[in-house]
Every structure is written in C-alpha cells, then in structure tokens.
Amino acid sequence: MPEKSIKKFLHRFGPLLVLLVGLGMFFLFELEQYLTFEMLKHHRQALLGFVGRYVILAPLIYMLLYILVVAFSVPGGAVMTITGGFLFGSLFGTIYVVIAATIGATILFLIAKTALGESLRTYAGPWINKMRKGFQEDGFHYLLVLRLIPLFPFFVVNLVPAFLGVTTRTYVGATLIGIIPGSFVYATVGAGIGSVFDAGETFEVANIFTTQVWLALIGLAVLAILPVVYRRFKRKKKGGK
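What counts, and where the lines are drawn
- Residues numbered from 1 in each chain as written.
- Predicted model: local features only at pLDDT ≥ 70, side-chain atom pairs only at ≥ 80, totals over all residues.
- Heavy atoms only, no water.
- Helix = DSSP H or I, 4+ residues; strand = E, 2+ residues; numbered from the N terminus.
- Buried < 20%, exposed > 50% of the residue type's maximum accessible area, 1.4 Å probe, protein only.
- Contact = heavy atoms within 4.5 Å.
- Areas by Shrake-Rupley, 256 points an atom, 1.4 Å probe, with all protein chains shown as cover.
- Core = buried A, V, L, I, M, F, W, Y, C linked by side-chain atoms within 4.5 Å.
- Phe/Tyr/Trp six-rings, centres within 6.5 Å; stacked < 30°, edge-to-face > 60°.
- Axes fitted to C-alpha atoms, helices over the stretch in contact; angles between N-to-C directions.
- Parallel < 35°, antiparallel > 145°, perpendicular 65-115°, else oblique.
- Nonpolar A, V, L, I, M, F, W, Y, C, P; charged D, E, K, R; others polar.
- Patch = residues over 30% accessible without salt bridge, like charges linked within 9 Å, V, L, I, M, F, W, Y side chains within 5 Å.
- Salt bridge = Lys/Arg side-chain N within 4 Å of Asp/Glu carboxyl O.
- Left-handed = near helix turned anticlockwise from the far one by under 90°.
- Expected span 1.5 Å × (residues − 1).

K.L.:
What exactly am I supposed to notice about the overall build of the chain here?
P.N.:
Tallying secondary structure elements over the chain gives 11 helices and 0 strands in all. Listed N to C, the secondary structure of the chain is α-α-α-α-α-α-α-α-α-α-α in terms of helices and strands. Evaluated residue by residue, the chain yields a buried proportion of 41% over its 241 residues. Pairs at least 24 residues apart make up 78% of the contacts formed inside the chain by residues separated by at least 6 positions. Carbon and sulfur atoms make up 68% of the accessible area of the chain, which amounts to about 13700 Å² in all.

Now the structure itself:
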C-alpha cells in the first residue's frame, strides 16, 4: 500500500482503531473482572489506604481511569461511579465523576465529529432517527433530558449528538449538568456501601433506583423540558393569531 494511502487510512480510521484496540485489550486481558463490587469488597482496605496516603494523586488516577472507561465505552461506569462515592464520599465522589464522565464523553463526541464519525455511525445507527427530531428542535434541553433519564444507552447518547449537528458547547453543557443528579445518587450509595459489605450482603445496582429516585429524576427531566414546551406553545399561539 502506497505511503500516501496509508497516511490517508490512518487519518480517517486511526481513532477508530485506537478505540477498537483499547476495547479489545480490555476484554483480552479480562480487565472487566476488576470492575466488580466483589473486587471492590476484596481490596477495600488497600484502596482506602491509598486514598488516605495520596490525597491528590488518588483522585487524579481515579478520574483518568473513569475517562478511559467512558471514552472507550467499556462496561463498568456504574461500578466506577459507586466506587468514587466509596473512596471519596458523596460530594467529592460526585465532583470527580461528573468531571471525568464529561471529559470522557466529550472525547468520544469530538472523535465522532471527525471523518471517523461515519465509521462510528453504525454503532448509533438504530437510535439516530429516534433522536433526530428532539435534537433538531432544542438540542440542549433534549440532551439534558437524556442525561437525566437513561432512555438510551450512555455510549449512544455520547455519539448521536455528533451526527445531528449538536455543537460542542451545547454538548458539554448539557452533559455536565445532566449527569449530576444520577452521579450523586450512585456516589451516595457508594459512600454507604461499606455497611453492605460488613453485613455480608450482596449488592445489586438494580436496587439503587427506587420509586422515589425515579420520580425525582423524572421531575427534573420535566423541568428541563418545560422551556421547550413553552416555546412550542408560544409558536402555536402566535401562529393561530
């Protein structure tokens, strides 16, 4: 293959290859076994000791790992978020998660906006048409709702806005704000998970989102979508005059 063709290929598909290699390495070396509550329980004292000794380095390492998990779209986001609450407490755990998740999601978003986007489109293809109208009408508030309530897989919501013309500024703002409530819920659970381990009980992520939590998130989503509904109402009212 001529050198020019190789450069063209790497320019177009290089980022996708990096993502695929990273994902492949994750499963090849069975790293998913480390993103489990059992591993957290087993190494809890060592992790807490490390956080206690390295109060600046520990959060940086944690956020870097979280960024990689999100950017490579590997499973384990929930475990990472709960671990953040366990290691750093509800408040700081939420802060570190929101920063890292926003950076990781933005990296994937920016990659999708490049020529590589066509290669990644296949992953998000089935959902694009379902989301198209919402993003076209009001990208910020629609994305905010999708972040508040996980109607679609997280990695899909990271990709689709790039294919539908959402600006980076809108994407970052809606992502940053929208993931705060859910992250706080997970981090708060993580802050108290030690008592679950001490009791010898099995922890299930599915038990986190109780009826009360869902109602709270839905309420926030309704508040987020109200400006869109109001503007649509005003347009119809003006058109009817």
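K.L.:
For this particular structure, what's the right way to read the side chain of T106?
P.N.:
By secondary structure assignment, the location of T106 is in helix α5 (residues 77-112). When its relative accessible area of 12% is taken as the criterion, T106 is described as buried. What T106 contacts, discounting residues up to four positions off in sequence, is Y171 and V172.

K.L.:
Just checking my understanding: could you explain the nonpolar core for this structure?
P.N.:
Most often, soluble globular proteins have nonpolar side chains that are buried together. Ranked by internal contacts, the top residues of the largest apolar core, which has 48 residues, are Y62, Y66, M131 and F135. Elements represented by at least two residues in this core include exactly α2 (37-42), α4 (57-71), α5, α6 (117-148), α7 (154-163), α8 (168-178) and α10 (193-198). The element best represented in this core is α5, accounting for 15 residues. When neighbours within four sequence positions are excluded, Y62 is seen to be in contact with M80, T81, G84, F88, Y96 and V97.

K.L.:
Explain the packing of aromatic side chains here, please?
P.N.:
In this description, an aromatic ring pair is defined by two values, namely the gap between the centres and the angle between the planes. Following the criterion strictly, the structure yields 6 aromatic pairs and no others. When the ring of F50 is compared with that of Y54, the centres are 4.8 Å apart and the planes differ by 40°; the resulting orientation is tilted. Residue class for F50 comes out partly exposed when judged on its relative accessible area of 28%. With centroids separated by 6.0 Å and ring planes inclined at 65°, the aromatic side chains of Y62 and Y66 adopt a geometry described as edge-to-face. With Y62 and Y66 both in helix α4 and 4 residues apart, this pair spans about one turn of that helix. With relative accessibility at 5%, the residue Y62 sits in the buried group. Y66 gets classed as buried once you look at its relative accessible area, which sits at 6%. Site record: aromatic cluster; members linked through ring pairs are Y62, Y66, F88, F92 and Y96.

K.L.:
So what exactly am I meant to see when it comes to the packing of α5 against helix α9 (residues 180-191) here?
P.N.:
Describing two packed helices takes the angle between their axes plus the distance from one axis to the other. The interhelical angle for the contact between α5 and α9, taken along N-to-C directions, is 105°, at an axis separation of 7 Å. With respect to α9, the axis of α5 lies roughly perpendicular. Across the interface between the two elements, A78, T81, I82, G85, F86, G89, S90, G93, T94, V97 and V98 from α5 touch I180, S183, F184, Y186, A187, T188, G190 and A191 from α9. Split into classes, the residues belonging to the contact of α5 with α9 amount to 10 nonpolar, 9 polar and no charged.

K.L.:
For this particular structure, what's the right way to read a nonpolar patch on the surface?
P.N.:
A contiguous nonpolar surface patch, about 510 Å² in accessible area, is contributed by Y54, L57, I61, L64, L65 and L68. Inspection of the secondary structure puts Y54 in the loop between α3 (44-53) and α4.

K.L.:
Before we go on, may I ask you to explain the packing of α4 against α5 in this structure?
P.N.:
Put simply, α4 and α5 touch, their axes get as near as 7 Å, and they point 45° apart. By the angle between their directions, the pair α4 and α5 is classed as oblique. As for how α4 packs across α5, the hand of that crossing is right-handed. A breakdown of the residues in the contact of α4 with α5 according to their chemical character gives 21 nonpolar, 4 polar and no charged.

K.L.:
I tried to follow the environment of G219 on my own but got confused; where do I start?
P.N.:
Within the secondary structure, G219 sits in helix α11 (residues 211-240). Residue classification places G219 among the partly exposed residues on the basis of a relative accessible area of 30%. Sequence spacing of G219 and L148 is 71 residues, and the spatial spacing of their C-alpha atoms is 9.6 Å.

K.L.:
Would you take a moment to explain α9 for this structure?
P.N.:
Three or four residues apart is the spacing at which side chains of an α-helix point the same way, because the helix has 3.6 residues per turn. An ideal rise of 1.5 Å per residue puts 16 Å on 12 residues; α9 measures up with 16 Å between its terminal C-alpha atoms. Among all positions in α9, only P181, G182, S183, V185, Y186, A187 and G190 are buried.

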